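# Residue-level structural notes
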Amino acid sequence: MELHSKTPSGPIEQRWDRARFEMKLVNPANKRKYNIIVVGSGLAGGSAAATLGELGYNVQCFCFQDSPRRAHSIAAQGGINAAKNYQNDGDSIYRLFYDTVKGGDFRSRESNVYRLAQISVNIIDQCVAQGVPFAREYGGTLANRSFGGAQVSRTFYARGQTGQQLLLGAYQALERQVTAGTVKMFPRCEMLSLVVVEGKARGIITRDLITGKIESYAADAIVLGTGGYGNVYYLSTNARGSNCTAIWRAYKHGAAFANPCFTQIHPTCIPVSGDYQSKLTLMSESLRNDGRIWVPLKTRDQRPTDQIPESERDYYLERRYPSFGNLVPRDVASRNAKAVCDEGRGVGETGLGVYLDFTDAMKRLGVEGIRERYGNLFDMYERITGEDPYKVPMRIYPAIHYTMGGLWVDYQLMSTIPGLFAIGEANFSDHGANRLGASALMQGLADGYFILPYTVGSYLASNKLEKVQPDYAEFKREEAEVAAMITRLLSIKGKRTVTSFHRELGKLLWDYCGMSRNMQGLESAAGKIRELREEYWRNVDVLGGAEEFNQALEHAGRVADFFELAELMCRDAIHREESCGGHFREEYQTPDGEALRDDEHYSYVAAWEFQGLGQAPALYKEPLEFEYVHPSQRSYK
Amino acid sequence: MRLTLHIWRQKSANDLGRMVQYEARNVNPDMSFLEMLDVLNEELTLRGDDPVAFDSDCREGICGMCGFMINGVAHGPRRGTTVCQLHMRRFRDGDVLYLEPWRARAFPIIKDLAVDRSAFDRIIAAGGFVSVPAGSAPDGNVILVPKQKADLAMDAAACIGCGACVAACPNASASLFTGAKITHLGVLPQGQPERCERALRMVAQHAAEKFGSCTNIGECEAVCPKQISLEAIARMNRDFLKASWINRGASRSSGGE
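The present account deals with the structure reproduced in this document.

## A short note on the pairing of strand β6 (residues 189-197) of chain A
Residue and element names in this part refer to chain A.
- Counting buried positions along β6 yields 8 of 9 residues, so the element is predominantly enclosed.
- Two strands pair when backbone bridges link them, and β6 and strand β7 (residues 200-208) are joined in this way by 8 bridges, in the antiparallel orientation. The residue of β7 that forms the bridge with Val 195 is Gly 203.

Okay, here's the thing in structure tokens:
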């Protein structure tokens, strides 16, 4: 396998224009003759399916939820970045590009990031035209806020429900195409395998989650917009159903998996309260604009907050990073929270939490001012914890939130399997080793509305694709494999539930391949994960049958994939002997505890190729070149 | 805490269902309602009993996938809250709770507490959108939207499509759901060109899905986890009436031949 990023040359400002001009076009009359499968209906998948339908392709879109509107993009709270410079505060496409490359700790592809920054402005226009109710100023113009470490106000938002509103915009565009007859939706339908015919991705195998029926669908191109794999940690801010199965099974059919160890920990989540916990809830990062983060100066200080005087509080982010303060990027904020808790200064019953305090902001803006900005987040916090954040400071702790790793894609968003595209969080993406706040929505929609629809067309126009049918031997073989795996899971009849295995796997990864990692821990984790996987296949108990609505069976298949992915994550984390972004190796840090990159040896994308179960995967490297933004140590002091 | 649960069990759409009694022991007040059911399901699985099927996904009250009746109230006793965000501290030791799926002709039961809400997608597909293909939009600030209108649109757009309004309505009407989308798009300048057509088509689809009519009872508003106001239904009725008057015949003639 060779990795060709197919990045255009020339001045960076002109690369996307040039690439578009060089693309082959599909004759408008021929578009409806092409079948395109889109798996996933979130911001990336939903917008891609809608746009491909608008262009006239024949689209089939699959999602495991009961409606495309449920995709987890819906839970994004804070906002979406765009280099509009409406606030006249010095923003530009170049600055958004620069911030994203730097924020990604110099592990992303410059050309892709520049394109993303360029397209960001079109996304806002598109969403406004769809009727997305963005926040407005009294004069009727769009409102902005600064977000997640940016020093300009470039984030557009719809209260604390930006993801919901953007997703509903894409969903409505998608449903419009359903009526137009260009898109057929398959809800409650999960992709379980990829079909490769003569080296090209030509179809998928699915399971109808209501009837359990295994079915084959053939197409000329396959698009995966299936999101990230944060649920490998069991507890994450992802939805319960979020999973890696589509991308993992594509990987097992030859698609390279890039940078699996690049996972993002979000600094502001509600702390874990007990063993029964099923997920972690994010409190939008926008809260850090006005909230101040602190812990007591003394260890194990159990006093209520109103009895801890200012002089005995440590506003550790403001102290360590005077210029960015509470707005340092996510990885920095998370690691610092872990550090103060490791020192024994964490708060709450478990000691795994820090305060996020709005007392000063309420003095400045009034309670109403705070309610206007964060009302729904405060309500959510109160619902979950039973504490009123208007009266006592919130407690927060980092949690797994986003995965920068994913299927390797070239500049055209195509994986190493011709005809298989990956978009949104499912690809290894434009965020390098760390994603900036409000950039996930931007990337998902950039890929879906404005990049993929062109690049898929170019692929179709430049390849001769013979028609394939779902009754071909390649499809039958994959169907049989999928059915065999299901039968095997149901026939183990062991003594442990799927959830108990998943929880144990998640704990292992969180402890050894989470916020900070070291060689010894990673190696022992890899071994333990292997043992646990073996036990899973001996001792899991999945009740019910294959041909019925069986939620335990759905979960069992996903967890089986998580086990294999977890091993690859550890392998990737072991091999990358440097610290960068979300990947913090304790052995590689500066004297004052910041991440220490090794550009000489690790300025590349690590793309892993499957070699068979039980075999070590092959590592391929895509070197990263920085012509415009020169690598420097990130400093937020 | 200990609770007695009576849960509706039904194997599939075509089977007869029945209430089955379970004891939930060791309920922690900090659990969410769904986490309490997760724990029950773990116990059932270890005993070899079929776990209770229920839908959920984001578990933070925004995806709209979860929802069932708790003692006859959609999403349970706390206002403005989905079941995933309802915590056990709202209940008392020894409480007896009856859990039932959304019941409506337009929401066939899939299994236990899970129902099919695809009728909602079809109502949106009938007209709940602005026809603006990707790439055709003017600059975002070209059309100014007064803040009050943007806020009003946002209030309605907050609907999560969970179906509680239908479940609570004695007529099983989806008027609040349909009205929320008509309101969201109808108050924004971007939604004006298709405003009449939208109301006609969505209301027609609502009827075709066999949802009942609205008789202004207001149960929907009371249980809506996003506290969408009944005013949305008034706006829907107004748009529908106006559209029926000024658009007589237009919707048919715009359709083709």
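## A word on the sheet that holds strand β12 (residues 292-296) of chain A
Residue and element names in this part refer to chain A.
- Taken together, 5 strands build an open sheet; the order of strands is β11-β15-β14-β12-β13 and the sheet is antiparallel. Strands at the two margins of the open sheet, each flanked by one partner only, are β11 (263-269) and β13 (313-314).
- Pairing of strand β14 (residues 354-357) with strand β15 (residues 394-403), which is carried by 3 bridges, proceeds in the antiparallel orientation. If you follow Leu 356 over to β15, its bridge partner there is Met 394.

## Focus: the sheet that holds strand β10 (residues 257-258) of chain A
Residue and element names in this part refer to chain A.
- If you trace the 4 strands from one edge of the open sheet to the other, you get β16-β10-β18-β19, paired in antiparallel fashion. Only two strands of the sheet have a single partner each, and these edge strands are β16 (406-407) and β19 (618-623).
- In the packing of helix α14 (residues 551-575) onto the sheet, the strands contacted are β10, β18 (604-609) and β19, and the crossing angle to β18 comes to about 145°.

## Some details on the pattern of salt bridges
- All chains considered together, the criterion is met by 72 salt bridges over all chains.
- Two residues, A:Arg313 and A:Glu310, come together in a salt bridge whose shortest N-O distance is 3.5 Å.
- Overall, the relative accessible area of 15% leaves A:Arg313 in the buried class.
- Among the residues examined, A:Glu310 registers a relative accessible area of 47% and is labelled partly exposed.
- The residue B:Arg89 makes a salt bridge to B:Asp30 at a minimum N-O spacing of 3.0 Å. Placement of B:Arg89 in the loop between β4 (73-74) and β5 (96-100) and of B:Asp30 in the loop between β2 (18-24) and α1 (33-47) is noted, with a sequence separation of 59 residues between them.
- Given the relative accessible area of 30%, B:Arg89 is considered partly exposed.
- Given the relative accessible area of 33%, B:Asp30 is considered partly exposed.
- A cluster of three or more residues bridged by salt bridges with shared partners is formed by A:Asp105, A:Arg107, A:Arg576, A:Glu578, A:Arg597 and A:Asp599.

The rules behind the values
Residues numbered from 1 in each chain as written. Chains lettered and ligands numbered in written order. Predicted model: local features only at pLDDT ≥ 70, side-chain atom pairs only at ≥ 80, totals over all residues. Heavy atoms only, no water. Buried < 20%, exposed > 50% of the residue type's maximum accessible area, 1.4 Å probe, protein only. Helix = DSSP H or I, 4+ residues; strand = E, 2+ residues; numbered from the N terminus. Pairing = 2+ DSSP bridges. Contact = heavy atoms within 4.5 Å. Axes fitted to C-alpha atoms, helices over the stretch in contact; angles between N-to-C directions. Salt bridge = Lys/Arg side-chain N within 4 Å of Asp/Glu carboxyl O.

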